Every structure is written in structure tokens, then in C-alpha cells.
Amino acid sequence: MAQRRKIIIDTDPGQDDAAAIMLAFASPDELEVLGLCAVAGNVPLSLTSRNVRIVCELCGRQDMPVYEGAKHPILRKQVTAEHVHGRTGLDGAELPEPTMTVEPQHAVDFIVETVMREPAGSVTLCTLGPLTNVALALQMQPAIAGRVRELVMMGGGFFEGGNITPAAEFNIYVDPEAAAAVFASGIPIVMMPLDVTHQLLTRKDRVARIAALGTRPAQVLVDWLAFFERFDEEKYGSDGGPLHDPTVIAYLLKPDLFSGRHCNVEIETQSDLTVGMTVVDWWRVSGRKPNAMVMRNVDADGFFDLLTERVGRL
Ligand code: RIB
Ligand code: CA
């Protein structure tokens, strides 16, 4: 068996974050989850921390270390997305409050300590929310930039525009200064923007296949997706909504599902009109050094085949 890939998941659940975490837990032969780090994003940190632990307990992973990270962005006022994810961030399914506790260590200390302890090039950071924790870890220990194997992130958008403003995608918009620091750090980045995730609609036929699994985790996921997709169905007039965060884990499991281009990406932090925009130099006109593998295409059916098959293992 190929060596398992060591990953840290930094997340702001979020029903789509929950799907990503479930996909990771369902893939123990390929992925060794070293820990889960909660960050403020879709809902405040107290709720993202609660939600991470709800997902762990749903999947029988009470053993998983969960860390709490940043309570708010580096500079700006917190922006949340209850209008999409509901008051708790995991609306749609009624689950008991978690009994597992969080680790005493701060998530940023955990990220730095783990990356500095594990062999160089062996730890992958998977970010599903704002990049605040990773930016703070880089500030604390810049050497992690040269030791992280890859940072695979859901965030940004270019040809597809934004979702929280016309120009910006939510994860970047919440903490643009953090995103700017990460994209300037030299960490090898794989970026899953809206240009990819908007091709991954939770269509009725796809959700029906997950429901047909007949397991409790699958039913909970179906209930979460039913709640999560309603906002985007209304907004885009589509059958289903874009399933964002599982793209990060799917890339680790089946990278050939995706294709893109190594480009320069800069983050707008000055303009009130376009703050949080990921300015992707797709046509390489700027002369700026490429700093991210920007994905643009995905095999949508292959993605949902993978997600469904793996969730069925939980
Ligand atoms: O814009 C989509 C992203 O913002 C997803 O990660 C979703 O969970 C929210 O965090
Ligand atoms: Ca998220």
C-alpha cells in the first residue's frame, strides 16, 4: 500500500465542510488525518468548533484531536454566513451536542508544532475556510512555508466571479490579509475556486444516490445538503447547489478528476469594491511569478461517484 498522506484539515463547518471531513474519514487507506482545526468563518468559532466535533462523533471518530484557532480575521471585522448555513452552521439535521472536548493547544501552535516535527514535505494542509489560522502559523514560524508538502484550499474565483460580493469568494473575503500572506509565502498551493465548485451541483439524482446508501451518516449528509443547497438554488435557479469543500479532499484521493494551470494569484486588499478578489493571471500577462495551481475543470460525475462510494463506507 502506498504511504498514507498526512493531512491537517482547517475548517469552518458548514455543511459542505462536513461533507469534506466525512470524505477524509472514509479514506483511511490514503489519508492520515493528524488533526482538525476550527476557524471562525461560516459561523463564529464556538460553533465551528462544536460542528467539527459533531461531524467527528457522527463518523465515530471521537479519537480525532480537534483544536480551536482564530476567533476572528487578522485585521477585519468578522463576517459570517448564517444566511447560507443556518444559525448553527450545520442546520438541516438534528444531532446531539458533542461530548468530545477540544485539545488545550491552540490550532496555530498545533499547525506549527506538527509541520516542524514531521519530516519536511510530509504534511499537507487542507483549508476549507478563511486562511486566518495558516497565516498566523506563517507569522509565528515562517519556516513552515518550506516544510509543508502542499496547501490544498477551497477559495477564490475568477471566471466565475464571487459569491459573497460580485468580486470575492467567501473564504478569501472574510480574511483577505490572511489570504494575501499565504499566497505570498511560497507554500505550494492547489486552489479549488468557484470556477470548479460551481460545476459540482448537488443535483437531485446525485443526492438520491447518497440517500440510497441507507446509512445514518449518509442520511445526515443528505439532510445537511438539502438545507445547504436551498440558498444557492434560489440564487442560481439551479437543480442543487455547488458543493465546495469536498473538492479539497477529492483532489488528494483522485487528482486526475481535476485540471488547471499554474498561475500567479494576487489578493485584492485595498479596494472596498473588490476586496477579497483573487486576481488570477490565467493568461500570464502580468509577468508575475506563478504561485498556485489554479484548478478550472473537474469530472463532476467522477467526483460524485467518489463521494458517494466513500460516504457509503462510514
Ligand atoms: O465560498 C464557499 C466557501 O465558503 C466554502 O468553504 C463554504 O463552507 C464557506 O466556508
Ligand atoms: Ca468552508
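Cut-off values and rules
Residues numbered from 1 in each chain as written. Chains lettered and ligands numbered in written order. Predicted model: local features only at pLDDT ≥ 70, side-chain atom pairs only at ≥ 80, totals over all residues. Heavy atoms only, no water. Axes fitted to C-alpha atoms, helices over the stretch in contact; angles between N-to-C directions. Helix = DSSP H or I, 4+ residues; strand = E, 2+ residues; numbered from the N terminus. Parallel < 35°, antiparallel > 145°, perpendicular 65-115°, else oblique. Left-handed = near helix turned anticlockwise from the far one by under 90°. Contact = heavy atoms within 4.5 Å. Nonpolar A, V, L, I, M, F, W, Y, C, P; charged D, E, K, R; others polar. Core = buried A, V, L, I, M, F, W, Y, C linked by side-chain atoms within 4.5 Å. Buried < 20%, exposed > 50% of the residue type's maximum accessible area, 1.4 Å probe, protein only. Near = heavy atom within 4 Å. Polar contact = N/O pair within 3.5 Å; in protein donor to acceptor, adjacent residues only side chain to side chain. Areas by Shrake-Rupley, 256 points an atom, 1.4 Å probe, with all protein chains shown as cover.

**Student:** When you look at the packing of helix 9 (residues 204-211) against helix 10 (residues 216-236) in this model, what are you seeing that I'm missing?
**Tutor:** Between two packed helices, the angle of one axis relative to the other and the distance separating the axes together describe the packing. Where helix 9 contacts helix 10, the axes come no closer than 9 Å and their chain directions differ by 160°. Taken together, the axes of helix 9 and helix 10 lie roughly antiparallel to each other. Relative to helix 10, the crossing made by helix 9 is left-handed. Every residue of helix 10 that contacts helix 9 at K204, V207, I210 and A211 is listed here: A218, L221, V222, L225, E229 and E233. Of the residues assigned to the contact of helix 9 with helix 10, the class counts are seven nonpolar, no polar and three charged.

**Student:** Would you explain the environment of D12 in this entry?
**Tutor:** Position of D12 relative to the elements: it lies in the loop between strand 1 (5-11) and helix 1 (15-25). Expressed as a C-alpha distance, the spacing of D12 and M192, which sit 180 residues apart in the sequence, is 16 Å.

**Student:** How do you make sense of the nonpolar core when you look at a structure like this?
**Tutor:** The nonpolar side chains of a soluble globular protein tend to be buried, and buried together. Residues I7, I9, L36, W224, I249, F258 and F303 are the most contacted members of the largest nonpolar core, which totals 67 residues. At eight residues, the largest contribution of residues to this core is made by helix 1. With near-sequence residues (within four places) excluded, I249 lies in contact with I7, I9, A20, L23, A24, L31 and C126. Of all hydrophobic cores here, the second largest spans 37 residues; its members include V112, V115, F183 and I267.

**Student:** Whenever I open this one, the site of ligand 1 confuses me. Can you help?
**Tutor:** What surrounds ligand 1 is a group of 13 residues, the closest being D16, L128, N163, E169 and D245. At 2.6 Å from an oxygen atom of ligand 1 is found a side-chain nitrogen or oxygen belonging to D245. Coverage of ligand 1 by the protein chains reaches 97% of its 280 Å² of free accessible surface. Elements with a contribution of two residues or more to the shell around ligand 1: helix 1 and helix 6 (170-174). Its residues assigned to classes, the shell around ligand 1 comprises three nonpolar, five polar and five charged.

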